[in-house]
Amino acid sequence: SWVGVVGFGKGPDFTITVAVHSNDLIILRINQTSKSPIVKTLKWFQDQTKKIICLHFSPCGYWLIIICVDTTHVLIPAYWIVTDYNSSVNSGLIQPNFSWATKQIGSLNEITIISTKYNKTDSVSDCVWWQTFDGIDILIRSTFTGNLHFLKVQSKSDIFEIHIGEPISSIRTLVSFEKSYKKFLIVRTLKGNYWSLLLEISSDKEQKHMKINSILTSQGKPPFLPEIISTFPRESKIVPSVLSMDPSFVGLIDPQNNTLLVYNENFTFVFQVKTPSNPILCALSQKILFILSEGNILHIFSITHESPSNGKLLIVSE
């Protein structure tokens, strides 16, 4: 069976991946420090109206949110399900600990259905889970009619929307760590254009008390307005990327040349890498570039002075 949708999350001492297969199975896998990987298979609704359009892990990696064709929003306590956390707590083997997780926003034993009020004819194309600097969880949905919907996860309520003006195919978040912290939303439209939307900005991180300005409180006012990114090539497509703190980047795939184009947080071209066809995920961490391609093959490159080495350091297939 083919894999339709994939996702990646990261917690304090674990990484978690999800793959949605064509036979209505969701495969969740957790890799924990000094422990063997754990894999859990979930049977999804055998209903075409519940076909999964997009999904995204919470920034802490504990929760997974899924949006279906009929606009149903499903919140899954992914970490707790895979690790059988609740069974361990109930049996007294471990003590419950929520210190690193997002506030409890749903049941830890079963899925939570989130009802929304937006127009159900406004078909969703993608989603991201954005956590603000002060800990508010926001689900951002993009639609094929060019809208961005903002939903507050804790209260399960829609708060506002922004219109881009072009049908949207995919969205990603980008974090900039310069003198001030910035978070952007990168939007790709069906016309091949790329837009950036500033979500929030903090004052100089060296100041004793950081001041935060956010799109949540400044809707429709500069600088929180969508702007087209002229430096990105129109024919490329965004690759889902795991953004690391040093540095943050945007990975764009040139499908004609099988090349990954890497841009920094200022949307400036940095380097490019030849890739296998149809990369699924890419990640940059500690000067190592990881690219996951079809067939679950992991390609690993070293990066020196912002340029990757010519050869692959390692290829892992599993």
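Read on for a plain summary of the structure. (Residues numbered from 1 in each chain as written. Predicted model: local features only at pLDDT ≥ 70, side-chain atom pairs only at ≥ 80, totals over all residues. Heavy atoms only, no water.)

This brings us to the overall build of the chain. A count of helices and strands for the chain gives two helices and 27 strands. The buried share among the 318 residues of the chain stands at 48%. The contacts in the chain between residues at least 6 apart in sequence include a share of 42% that link residues at least 24 apart. Total accessible area on the chain is roughly 15800 Å²; 51% of this is exposed by carbon and sulfur atoms. (Helix = DSSP H or I, 4+ residues; strand = E, 2+ residues; numbered from the N terminus. Buried < 20%, exposed > 50% of the residue type's maximum accessible area, 1.4 Å probe, protein only. Contact = heavy atoms within 4.5 Å. Areas by Shrake-Rupley, 256 points an atom, 1.4 Å probe, with all protein chains shown as cover.)

Within the structure shown, the criterion is met by four salt bridges. For D126, the salt bridge goes to R172, with nearest N and O atoms at 2.8 Å. In this pair, D126 sits in strand β9 (residues 124-131) while R172 sits in strand β13 (residues 168-177), placing the two residues 46 residues apart along the sequence. For D126, a relative accessible area of 10% translates into the label buried. A salt bridge links K183 to E200, with the nearest nitrogen and oxygen atoms 3.6 Å apart. Taken together, the positions of K183 in strand β14 (residues 180-189) and E200 in strand β15 (residues 194-204) put the pair 17 residues apart, joining distant regions of the chain. E200 gets classed as buried once you look at its relative accessible area, which sits at 0%. (Salt bridge = Lys/Arg side-chain N within 4 Å of Asp/Glu carboxyl O.)

Our focus in this paragraph is the sheet that holds strand β22 (residues 269-274). Across the sheet, four strands lie side by side as β18-β20-β21-β22; this open sheet has antiparallel pairing. The open sheet has two free edges, formed respectively by β18 (237-238) and β22, since each of these has just one partner strand. Where strand β21 (residues 259-263) and β22 come together, five bridges link them in antiparallel fashion. Bridging from a neighbouring strand, T259 pairs with K274 of β22. (Pairing = 2+ DSSP bridges.)

Our next topic: the sheet that holds strand β7 (residues 73-76). Paired through backbone hydrogen bonds, the strands of a sheet run either parallel or antiparallel to each other. The sheet built from four strands is open, its strands ordered β5-β6-β7-β8 with antiparallel pairing. The sheet is open, and its two borders are formed by β5 (52-57) and β8 (112-114), each paired with just one other strand. Looking at each pair of strands side by side, their axes are set apart by 25 degrees on average, direction ignored. By the bridge criterion, four bridges tie strand β6 (residues 64-68) to β7 in an arrangement that is antiparallel. Note that in β7 the partner of I65 across the bridge is L75. (Axes fitted to C-alpha atoms, helices over the stretch in contact; angles between N-to-C directions.)

Here we take up a nonpolar patch on the surface. Nonpolar side chains collect at one region of the surface, where F45, I111 and I113 lie side by side and expose about 250 Å² of accessible area between them. In this fold, F45 is placed in the loop between β4 (38-43) and β5. (Patch = residues over 30% accessible without salt bridge, like charges linked within 9 Å, V, L, I, M, F, W, Y side chains within 5 Å.)

Turning next to the nonpolar core. Of all hydrophobic cores here, the largest spans 39 residues; its most connected members are I26, L28, W63, L64 and I66. When contributions to this core are tallied by element, the ones reaching two or more residues are β2 (14-21), β3 (25-32), β5, β6, β7, α1 (78-82) and β9. For I66, the residues in contact, after removing those within four places along its chain, are I26, W44, I52, C54, L55, T72, H73, V74 and I76. Counting 32 residues, the second largest nonpolar core, distinct from the first, contains L174, I215, I229 and V250. (Core = buried A, V, L, I, M, F, W, Y, C linked by side-chain atoms within 4.5 Å.)

This model, assessed by the stated rule, comprises 12 aromatic pairs. Taking the centre distance of 5.2 Å and the plane angle of 35 degrees together, the rings of Y62 and W80 count as tilted. Of the two residues, Y62 is situated in the loop between β5 and β6 and W80 in helix α1; the sequence distance between them amounts to 18 residues. For the pair Y62 and W80, one class covers both residues: buried. An aromatic cluster is present here, built from F184, Y194, F232, Y263, F267 and F269 joined pairwise through their rings. (Phe/Tyr/Trp six-rings, centres within 6.5 Å; stacked < 30°, edge-to-face > 60°.)

The peptide bond linking P222 to P223 adopts the cis configuration, its omega dihedral lying at 0 degrees. Of note in this structure, T71 is not a glycine but carries a positive phi near 75 degrees. Not every positive phi belongs to a glycine, and K156 is a case in point at roughly 55 degrees. Its location among the elements puts K156 in the loop between β11 (147-152) and β12 (157-163). Judged by its relative accessible area of 24%, K156 falls in the partly exposed class.

So, to be careful, I would describe these as geometric facts and stop short of saying anything about function.
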